[in-house]
Amino acid sequence: MRLKVLWLVLLLLLPGALAQQLREQIRKYTLDNGLRVLMVPDKTAPVIHFNLMFDVGGVDEAPGLGGIAHMVEHMAFKGTPSIGSLDWAREKAALEAIDKARADLDRALASRASQEEVQRLTAAFNQAREEAKKLALPNAIDQLFTNNGEQGLNASTGYDRTDYRVSLPSNRLELYLRVYADVMMNAVFRSFYEEADVVLEERRQRSENDPNGALSEVFLRTAFQVHPYGRPLIGSREEIQGYRVDKAMEFWKTHYHPNRAVLVMVGDVEPERDIQLVRRYMGVIPRGPARPSLNIPAEPPQTDERRVTLEYNAQPSLLIGFHKPTYPNREAYVMDMIDSILTEGRTSRLFRRLVIQEQAALNVSASSASPGFRYPNMFTISAQPRAPRTTADLERLIYEELERLKNEPVTPQELQKVRNQTRAAYLRVLQGGPGLAQTLAFYELFFGGYQRIFEEEAIYNAITAEEIQQAARKYFTPQNRTVATLVTRGGSR
Amino acid sequence: MRALWIFFVALLASLALGQGVPADWPDPFKLQFQRLQPAVMQPTRVQLSNGLTVLLIEDRSLPFVTGRVYLRAGAIYEPADKVGMSGIFASVMRTGGAGNRSADQIDETLETLAASVSVSTDNLFTSVAFNTLTENLDAVLEIWADVLIRPRFAQERLELEKGRALEAIRRRNDQPTQIAVREFVRRINEGHPAGNVSSAASIQSITQADLLAFHQRFFKPNVAVLAITGDFNTQEMVARLERVLGGWPRGEVTLPTFAPPSPKPGIYFVQKETNQSVIYMGNPTVTAYAPGYSELDLVSRVLGDGFNSRLFVEVRTKRGLAYATGGAQSQGFGWPGFFYGASISRVEKTAEVIELMLAQFRDLRERPVSQEELELFRNNILNAEVFRFTSRQAVAERIARTQMLGLPADYYEQYVRQIQAATPADLQRVMQQYVRPEQFVIVVVGDRRQFDKPLSSLGNVIEVPLE
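All values reported here derive from a predicted model rather than from experimental measurement. (Residues numbered from 1 in each chain as written. Chains lettered and ligands numbered in written order. Predicted model: local features only at pLDDT ≥ 70, side-chain atom pairs only at ≥ 80, totals over all residues. Heavy atoms only, no water.)

*Asks:* What's the story with the nonpolar core in this structure? I'm lost.
*Replies:* Among soluble globular proteins, nonpolar side chains are generally buried collectively. Of all hydrophobic cores here, the largest spans 120 residues; its most connected members are W144, L148, F219 and L245 of chain B. Sorting elements by how many residues they give to this core places helix α4 (residues 137-149) of chain B first, with ten residues. W144 of chain B has contacts with V69, V117, V128, A129, F130, L226, L241 and L245 of chain B, leaving out every residue within four places of it along the chain. In terms of nonpolar packing, the next biggest core, distinct from the first, is built from 81 residues, M39, Y176 and I275 of chain A together with V21 of chain B among them. (Core = buried A, V, L, I, M, F, W, Y, C linked by side-chain atoms within 4.5 Å. Buried < 20%, exposed > 50% of the residue type's maximum accessible area, 1.4 Å probe, protein only. Helix = DSSP H or I, 4+ residues; strand = E, 2+ residues; numbered from the N terminus. Contact = heavy atoms within 4.5 Å.)

*Asks:* Just to check I follow, could you spell out helix α9 (residues 234-245) of chain B for this structure?
*Replies:* Residue and element names in this part refer to chain B. Spanning twelve residues, α9 covers 16 Å between terminal C-alpha atoms, matching the ideal 16 Å at 1.5 Å per step. Among the residues making up α9, those that are buried are T234, M237, V238, R240, L241, V244 and L245. With its buried residues spanning 160° around the axis, α9 presents them on a single face. Opposite the buried face of α9, at more than 90 degrees from it, the exposed residues are Q235 and R243. Residues of α9 that are buried in the fold lie against β1 (44-47), β2 (53-58), β3 (64-71), α4 and β6 (225-230). Among the residues of α9, the N-terminal cap falls to N233, whose side-chain oxygen and the backbone nitrogen of Q235 are separated by 3.0 Å. (Expected span 1.5 Å × (residues − 1). Arc of directions from axis to C-beta. Polar contact = N/O pair within 3.5 Å; in protein donor to acceptor, adjacent residues only side chain to side chain.)

*Asks:* Looking at this structure, how should I read the sheet that holds β2 of chain B?
*Replies:* Strands pair in a sheet through their backbones, by hydrogen bonds, and they do so in one of two ways: parallel or antiparallel. Residues and elements named next belong to chain B. Pairing is mixed in the open sheet, where six strands are placed in the order β1-β2-β6-β3-β5-β4. Two strands bound the open sheet, and with one partner strand each, they are β1 and β4 (116-121). Sheet twist, expressed as the average angle between the axes of neighbouring strands with direction ignored, equals 15°. Summarising the sheet, β2 and β6 pair through six bridges and their orientation is parallel. The partner of I57 across the bridge, within β6, is T229. The sheet strands contacting α9 are β1, β2, β3 and β6, and the helix crosses β2 at an angle near 145°. (Pairing = 2+ DSSP bridges. Axes fitted to C-alpha atoms, helices over the stretch in contact; angles between N-to-C directions.)

*Asks:* Looking at this structure, how should I read the packing of aromatic side chains?
*Replies:* In this description, a pair of aromatic rings is defined by centroid distance and the angle of the planes. All names here are of chain A. By the definition in use, this model includes 49 aromatic pairs over all chains. With a centroid separation of 4.7 Å and an interplanar angle of 35°, the aromatic rings of Y176 and Y180 are classed as tilted. In this pair, Y176 and Y180 both sit in helix α6 (residues 173-186), four residues apart, roughly one turn of the helix. Each member of the pair, Y176 as well as Y180, carries the same accessibility label: buried. Between the NZ or CZ atom of R102 and the centre of the ring of F125, over which it lies, the distance is 4.9 Å. Residue placement shows R102 over the ring face of Y193; its charged tip is 5.8 Å from the ring centre. (Phe/Tyr/Trp six-rings, centres within 6.5 Å; stacked < 30°, edge-to-face > 60°. Lys NZ or Arg CZ within 6 Å of the ring centre and 35° of its normal.)

*Asks:* In this structure, what is going on with the environment of P286 of chain A? I would like to understand it.
*Replies:* Residue and element names in this part refer to chain A. Among the secondary structure elements, P286 is positioned in the loop between α11 (271-282) and β7 (306-312). What makes P286 exposed here is its relative accessible area of 52%. A sequence separation of 101 residues divides P286 from M185, and the C-alpha atoms of the two residues are 7.9 Å apart. The residues touching P286, leaving out its near neighbours within four places in the chain, are M185 and P258.

*Asks:* Would you explain the interface of chain B and chain A in this entry?
*Replies:* If you look at the interface, chain B gives 77 residues, while chain A gives 94 residues. In this structure, the connection of chain B to chain A is made through six salt bridges. Across the pair E201 of chain A and R346 of chain B runs a salt bridge, and its minimum N-O distance is 2.9 Å. The interface formed by chain B and chain A holds 35 residue pairs in polar contact (both at pLDDT 80 or more) in total. Going through the elements one at a time, α2 (85-95), α3 (103-112), β5 (126-133), α5 (155-170), α11 (310-317), β9 (322-329), β10 (338-346) and α13 (371-383) of chain B are the ones with two or more residues in the side of chain B that touches chain A. Here the side of chain B that touches chain A is composed, by residue class, of 34 nonpolar, 22 polar and 21 charged. (Salt bridge = Lys/Arg side-chain N within 4 Å of Asp/Glu carboxyl O. Nonpolar A, V, L, I, M, F, W, Y, C, P; charged D, E, K, R; others polar.)

*Asks:* Looking at this structure, how should I read the packing of helix α2 (residues 68-75) of chain A against helix α10 (residues 245-255) of chain A?
*Replies:* Between two packed helices, both the angle of their axes relative to each other and the distance between the axes serve to describe the pair. Residues and elements named next belong to chain A. Look at α2 against α10: their axes get within 10 Å of each other, and the N-to-C directions meet at 85°. Viewed along their axes, α2 and α10 adopt a mutual orientation that is roughly perpendicular. Facing α2, whose interface residues are I68, A69 and V72, α10 presents A248, F251 and W252. Partitioned by chemical class, the residues of the contact of α2 with α10 number six nonpolar, no polar and no charged. (Parallel < 35°, antiparallel > 145°, perpendicular 65-115°, else oblique.)

*Asks:* Would you mind showing me how to read the pattern of salt bridges here?
*Replies:* Opposite charge on two side chains lets them pair, provided their charged atoms get close. Following the criterion strictly, the structure yields 87 salt bridges over all chains and no others. Where E117 of chain A meets R120 of chain A, a salt bridge forms, and the shortest distance between an N and an O atom there is 3.2 Å. Taken together, the residues span about one helical turn, with E117 of chain A and R120 of chain A both in helix α4 (residues 115-133) at a distance of three residues. Accessibility expressed as a relative area gives 28% for E117 of chain A, which makes it partly exposed. Judged by its relative accessible area of 49%, R120 of chain A is partly exposed. Among the ionic pairs, D107 of chain B bridges to R94 of chain B, the shortest N-O distance being 2.9 Å. In this pair, D107 of chain B sits in helix α3 while R94 of chain B sits in helix α2, placing the two residues 13 residues apart along the sequence. Each of the two residues, D107 of chain B as well as R94 of chain B, counts as buried.

Right, here's the structure in full:
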């Protein structure tokens, strides 16, 4: 036991110096147009990991335009007049012809025109799309990056943010900047309706034919009745089918500006030299308006347990959630600690109880900040029963463990173990690569500056067993609970 | 005169380009960059007294040490009537106690130290890895060595993992993609153990004696390679390893050989109520070190790697028929890999997508690819070479696997030379030689009531019931 304590003391001492070292390496610049640029030199290999993150996501969508942030994320890969057009003057006219043909068709549909008329206008719309395709080089941005050895070209949209990622050999910095500065100023939404079909397929794949995706959608809809966290991030089918170029472009022009973005570059960079090139390209982009106040309605406090079941052609599954505050509220950090105590590793309370001791679950996991983090969010627990045990059995066991958290303080050893795990996880992120680029972008955009990353360790270390007990009592109540159960179609729970 | 001419050309170019960007911005398609040479990392190679090969790379930038030892103890070597055993073996090796330590003691110590010891398995290898802060190296190495050399495979933990495996079998038809991948791998490797699929009976038959015998048979230091990187001094590390691995005795290991897969062509259809069809198609080709492999790898990228591949452009970009589509040549080590394409597409276009996909394979056989298309994917491979050296542990592990497979040390350099030399005619030649759409294994998971055409109009349909 004594030896153990000694190790723990050593553990406490180490990361401070490391964090300090990293902290000294990070360079931050702010361009005149408001774009923040973070650079982290790492000379292991001649590569740069880029992350361009905007503080825009699903919560910024107007009702009826669900998923448009995600659609726009797809469209930002479609190029610009100078990237992807074979003849811009003619292509521009062809794209306008598509918009007109679509508007004509929409009007005919709205006025219940004759079937013949609708068919004629549909054919005209399809013909216009074919004409425009002849003038475009598909996937030109990808082609540029592929030619230059890209790795990990991708993007993702969350409820609160959108980020664009790619890693390139380090001497391609100018190529990266040339492409993304152009995209931010001049994005062309070519092949829009084909891409809307792709998104519809993505919706089928992720939210309809995947039992976890389907369960998560009904869960969020039930848990958030007012706040946009309750809407599907990818949009409903009807919304996706209703996307039009002008609405998407309006969303893009309203939100995607340098003053709402952070560009992080991790790797073989020389900050004082490279910032010149960044200024040359990114500095040209005009500043946009600040984040509009959207009057996003707050989710009113939940007063009764909510339950929902999804009948589905799959084995049973359980998803439980509790509303809670988000960062920088201290309780959000307390809930992170509870997440680790309950589900991090084989000795965590829920894994040990449900999976090992009772053999009631195949698996159990938790998340302490779902589905976003800008607004008050949820603590969720998900578990899959092992037949013949049921989701009802799992619920009972989980609630027993939550009661235990309320009634007994966690032991000092348990608390220390969780702190060590948090610290090790944090150190692993700091090892660099795309993960560090994304983490820094995140903190810079949402936590009032990347420096915050270096302050959290102290917060976690100061959290007491008492605080954990208090937070458990406050949030793990039946009236604050939403339970979604996947029930096998034609079977039992 | 010449200078003026260049000026006019530049002006014309910028006019053509000047759409919303400053006139002095370059055309991104004309930007030229040198191919960067990666700084090649070479591990120090040491052999321990018991014959274990160790590859070490020091890295003092963070206070971590990571190691992984590889053994030829993969799924293809498990007993034919105990399919699924290697997965259970790997779990229980880690979780079933080791040496004098109980299962709970190991979990508790590692988690308190925020360290990990893990056992992973695939068709060829089982590997045992650790990751720890330098400060805890000795304690973690001892646990890792116990797990590696003296696993207990405690009966109650074996029962636990068998129970979880049975539950996973119960759940394995929940997702259409999972069904399609399983059935495709099973059919394309027919006749070879890589195509075996576990069953409730094969899992239930696994005993503690089986696991001990498997360990006894394959876990010998003289046929293993350990890759280790991080914050240590090489000499001191070797001394440490001698200490913790000293009791691991040498032994003879004979590996069985197998006939190559002999799949039966056809359309394997699985009925599932879903609004998308999952489609996989392909045939076995060559091993990863056979002549033609590099060219097949290159042409498979033209077919299905990324946004500019033919499947992506034809199925997704132009027609919006799928979110996920692509293809590749798999790396076959020990037995031939396969050349394949896949799409997850709306159910009412199932036959159309199958035909569209087949047309892409046929076209690559019938017509040479354009030089431009070839260069795009060749450039990607060559320019991305620097990413092979971004992590020391990845470098050391790659070299360890190369040695375990008995590949020449310059295996990758040979591959690069072949990629550099490949011509459109070479790609067409390997397509004609190895890829035969009329002999494809095609797996379709979907709802036949919604298909645009019956699958029987495309070929011989073999219905596969869901167990």
